[in-house]
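Here's the letter readout for the chains.
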Amino acid sequence: MAPAPPFRDTSLSEAIARAVALGESARAVSPPNPWVGCVLLRGGRAVGEGSTAAPGGPHAEVAAVAEAGDDARGATAVVTLEPCSHHGRTPPCADLLVDAGVSRVVVALEDPDPHVAGRGIARLRAAGVDVDVGAGADDAARSLAPYLTHRRAGRSFAVAKVAQSLDGRVAGADGSSRWVTGERARADGHRLRAESQAVMVGSGTALADSPALTVRHGAVPATPPLRVLLDGRGRVPAGGPLFDVDDAPTLVFTTAGTPGAVVDGWRSAGAEVEILDVAPGGDGVDARTVLETLAARGVLQVLLEGGPEVFGGFLRAGCVDRVVVYVAPVLLGRDAVPMLGGRGPDGLGDAPRLIPTGVRRLGGDLRLDFDVVT
């Protein structure tokens, strides 16, 4: 959590922005719970704040009330997601706010989880607490998009990460892709891994790069993300860093066409194996089924690092939600590997549209962020 002194002058809009930032600070530790931020205001001053801890730890509201102490009575609680109303690993936060004497709660988003779904707001109002809903909703929804997608659509939120040259190539003509970008961009990519509960590659990337898919460069999640290999034909042998399950768990998605000896080898190496349907019109696994299966395992966000075929396949299936592109100031030429594999759109009218949401410089490279238009 980023440090901030209590008892500082704070407007409601500043409190909402601070609550979103507090929630963002917990992205790597709170899943499968949502990363929520809470700020308590009293007399125009922030008297307490908090973010969601690791599962089993205090929720954002609990931390904020604990910091505020007696100043919570009569205060306004600004929270990015509806306070919970049920007993899970911790007691209901709605009851906590009532017991603390909070007089008003400003909620950015209602919680779509069926265990909550308006019940937290109803409980607060039934206890005489004023509740306002919707302030800061857009910023909170962008921050909590993986959680909201998981609860509403029943699938994991897919972030496609691409490291490419200035001319849109992700690997050299010889297939090598280490390293297209510089140290700062790679460290930022590891932060994306730390914020994801699964990291995914296809068989082509696994064979070409022999990746470990672990989190390094100082980014430390609460638990190592699940490493996911898509290999519909059994091309990748059960060896190398990806199958060192002492570092992190590994899950292989494949199809019934993979030889049984290959499947047995993966399992003997310690990996889990899921046999799924073939993608429509292809020979790989079905993208949507992959995301639904991961969602059932509690994966809110999966990071697609898996090369042109994986990126292209998931994009064509309508299963990419966000794209992060690291652009290096290097030119690799027409014989190098393009960022998208497989068949493209028939024309501009069929091409996927992206909304740019951010640009940052990372050393000599650029990071470009996009949301995919659905």
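Each remark here, short or long, concerns the structure printed above.
Residues numbered from 1 in each chain as written. Predicted model: local features only at pLDDT ≥ 70, side-chain atom pairs only at ≥ 80, totals over all residues. Heavy atoms only, no water.

The next point concerns unusual backbone geometry. Outside of glycine, negative phi angles account for most residues, and trans bonds account for most peptide bonds. Between Pro 31 and the following residue, Pro 32, the backbone shows a cis peptide bond with an omega angle of 10 degrees. You can see Pro 32 is positioned in the loop between α1 (12-24) and β2 (37-42). Positive phi, normally seen in glycine, also occurs at Ala 117, with a value near 45 degrees. Residue position: Ala 117 is located in the loop between β5 (104-109) and α4 (119-126). By relative accessible area, which is 44% here, Ala 117 ends up partly exposed. For Leu 213, which is not glycine, the phi torsion reads 60 degrees and is therefore positive. (Helix = DSSP H or I, 4+ residues; strand = E, 2+ residues; numbered from the N terminus. Buried < 20%, exposed > 50% of the residue type's maximum accessible area, 1.4 Å probe, protein only.)

As a further point, take the environment of Gly 358. On the secondary structure map, Gly 358 appears in strand β16 (residues 354-362). Taking the relative accessible area as the measure of exposure, Gly 358 reaches 26% and is therefore partly exposed. If sequence neighbours within four positions are ignored, Gly 358 has contacts with Arg 367, Leu 368 and Asp 369. (Contact = heavy atoms within 4.5 Å.)

Quick look at the sheet that holds strand β9 (residues 198-202) now. A sheet is described by the order of its strands in space; here 9 strands give the open sequence β12-β11-β10-β9-β13-β7-β14-β17-β16, paired in mixed fashion. Edge positions in the open sheet fall to β12 (272-275) and β16, since each of these has one partner strand only. Across the sheet, the mean angle separating the axes of adjacent strands is 20 degrees when strand polarity is ignored. As paired strands, strand β14 (residues 322-328) and strand β17 (residues 365-372) are joined by 6 bridges and run antiparallel to one another. Along β17, the bridge assignment pairs Val 324 with Asp 369. Helix-sheet contacts for helix α10 (residues 287-296) involve β7 (157-165), β9, β10 (226-230), β11 (250-254), β12 and β13 (301-304), and the interaxial angle to β11 is about 145 degrees. (Pairing = 2+ DSSP bridges. Axes fitted to C-alpha atoms, helices over the stretch in contact; angles between N-to-C directions.)

Before going further, it helps to spend a moment on the pattern of salt bridges. Counted by the stated rule, this structure contains 20 salt bridges. Note that Asp 369 and Arg 367 form a salt bridge whose closest N and O atoms lie 2.7 Å from each other. Of the residues examined, Asp 369 reaches a relative accessible area of 11% and is grouped as buried. One continuous salt-bridge network, built from bridges that share partners, spans Glu 24, Arg 27, Asp 188, Arg 191, Glu 195, Arg 360, Arg 367 and Asp 369. (Salt bridge = Lys/Arg side-chain N within 4 Å of Asp/Glu carboxyl O.)

Distances and angles like these do not, on their own, reveal function.
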